[in-house]
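# Observations on chain architecture
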Amino acid sequence: MINTLPFDKFLQTLQTSNRTLDFFVDWQKCLKNKNEISIALNHLNFLLGKDTQELKIYIKSLFEEYPKAFSVLNILIAVRDRNDLVLDVDGNFYPLNSYFENCEKIYEFICQTGLEQIFCNRNIKDLNDFVFGIEVGLDSNARKNRSGKAMETYLGSLFANAQLSFEEQVDIRNFKDLHQAFGDDIKKFDFVIFGKDTNYFIESNFYAGGGSKLNEVARAYQDLAPKFEIFSNYEFIWITDGKGWLSAKNKLQEAYKYVEIYNLSNIGNFIQKVRK
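Basis of the calculations
Residues numbered from 1 in each chain as written. Predicted model: local features only at pLDDT ≥ 70, side-chain atom pairs only at ≥ 80, totals over all residues. Heavy atoms only, no water. Buried < 20%, exposed > 50% of the residue type's maximum accessible area, 1.4 Å probe, protein only. Helix = DSSP H or I, 4+ residues; strand = E, 2+ residues; numbered from the N terminus. Arc of directions from axis to C-beta. Contact = heavy atoms within 4.5 Å. Domains from an automatic or database assignment. Pairing = 2+ DSSP bridges. Axes fitted to C-alpha atoms, helices over the stretch in contact; angles between N-to-C directions. Expected span 1.5 Å × (residues − 1). Lys, Arg positive; Asp, Glu negative; His and termini not counted. Salt bridge = Lys/Arg side-chain N within 4 Å of Asp/Glu carboxyl O. Phe/Tyr/Trp six-rings, centres within 6.5 Å; stacked < 30°, edge-to-face > 60°.

## Re helix α2 (residues 27-36)
Listing the buried residues of α2 in full gives C30, N33 and K34. The arc that holds the buried residues of α2, viewed along the axis, is 95 degrees, so those residues lie on one side. Residues of α2 that are exposed and angled more than 90 degrees away from the buried face: Q28 and E36. Those residues of α2 that are buried lie in contact with α3 (38-44) and α8 (127-139).

And the structure:
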């Protein structure tokens, strides 16, 4: 039997969340994104506080002097992709950036999106601060992917505290014999732990919510594990957690028969195994 913890017990010990307080906002990314367009934003600041009746005139003046300033208008409405399609009053679709090509279209964009209020109501003093707030909001969309990174960070701290010898994000090509067994599949493992007689190749993830991806992940690791069986000094380990697995427990149970799997409640058992 690969796993000493009964599957029912494994499910019972799955955690609801792995979020720490630093999970919610990637401040450095938000600052970086804002700084990359700060020159354009500084030029657009010229429009702040202008009267509604005069806004079109000042847009024309700024466009003639620095047309690139308007290339970031999509961020002001919290849209990253400048090629996003929008519907006009005649039922035609146009990419957002088609509105940034001349001052007439820019004025139309600003009025129809409601940005006219932002420029004219004198409540906003600096678009750099405004965009930084937008970036923080947009960053919340990245949280789905952040749970996996948080899992890796937490496991890395556990392994370091246990004084294990390990590397992160290891390319399989660093192990020629294993790479040959994988064929053309160029894979990176989240961790490789170097034990006394065995190297442990680790994949880790955390799923707070369900979805079809969980079935695909379980199937992929079930297919991956047999490739290690021909090696006496390599083992594949899967560390996963999150109550999202309750929606895909049948597929996880199938993988549990073939893959050595740990969650955060029994990861200490794996660490003890490595240190023997």
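Text resumes after the structure shown.
## A closer look at the domain arrangement of the chain
Parsing the chain into structural domains produces domain 1 (7-19 + 142-275) and domain 2 (27-137). Using only C-alpha atoms to locate each centre, domain 1 and domain 2 end up separated by 45 Å.

## As for the sheet that holds strand β5 (residues 199-206)
Taken in spatial order, the five strands line up as β3-β4-β5-β6-β7 in an open sheet, and their pairing is mixed. Only two strands of the sheet have a single partner each, and these edge strands are β3 (166-171) and β7 (260-262). Mean inter-strand twist for the sheet, computed between neighbouring axes without regard to direction, equals 35 degrees. The sheet contact formed by strand β6 (residues 234-241) and β7 spans three bridges and is parallel. Within the sheet, the bridge partner assigned to I237 lies in β7 and is E260.

## Some remarks on helix α4 (residues 52-65)
Compared with an ideal rise of 1.5 Å per residue, which puts 14 residues at 20 Å, α4 spans 21 Å between its outermost C-alpha atoms and is within 8% of the ideal. Listed in full, the buried residues belonging to α4 are L55, I59, L62 and F63.

## Considerations on the side chain of K34
When you line up the elements, K34 lands in helix α2. For the buried K34, no salt bridge is present, and the opposite-charge side chain at shortest range is D129, 6.2 Å distant. Once you skip the residues sitting within four places of it in the chain, K34 turns out to touch L41, N128, V131, F132 and E135.

## A few points about the packing of aromatic side chains
A full pass over the atoms with the stated rule returns 30 aromatic pairs. Seen from their ring centres, F189 and F201 are 5.3 Å apart, and the 70 degrees between their planes marks the pair as edge-to-face. Note that F189 is positioned in strand β4 (residues 188-194) and F201 in strand β5, a separation of twelve residues in sequence. An angle of 50 degrees between the planes, with centres 5.2 Å apart, marks the rings of F231 and Y234 as tilted. Given the relative accessible area of 7%, Y234 is considered buried.

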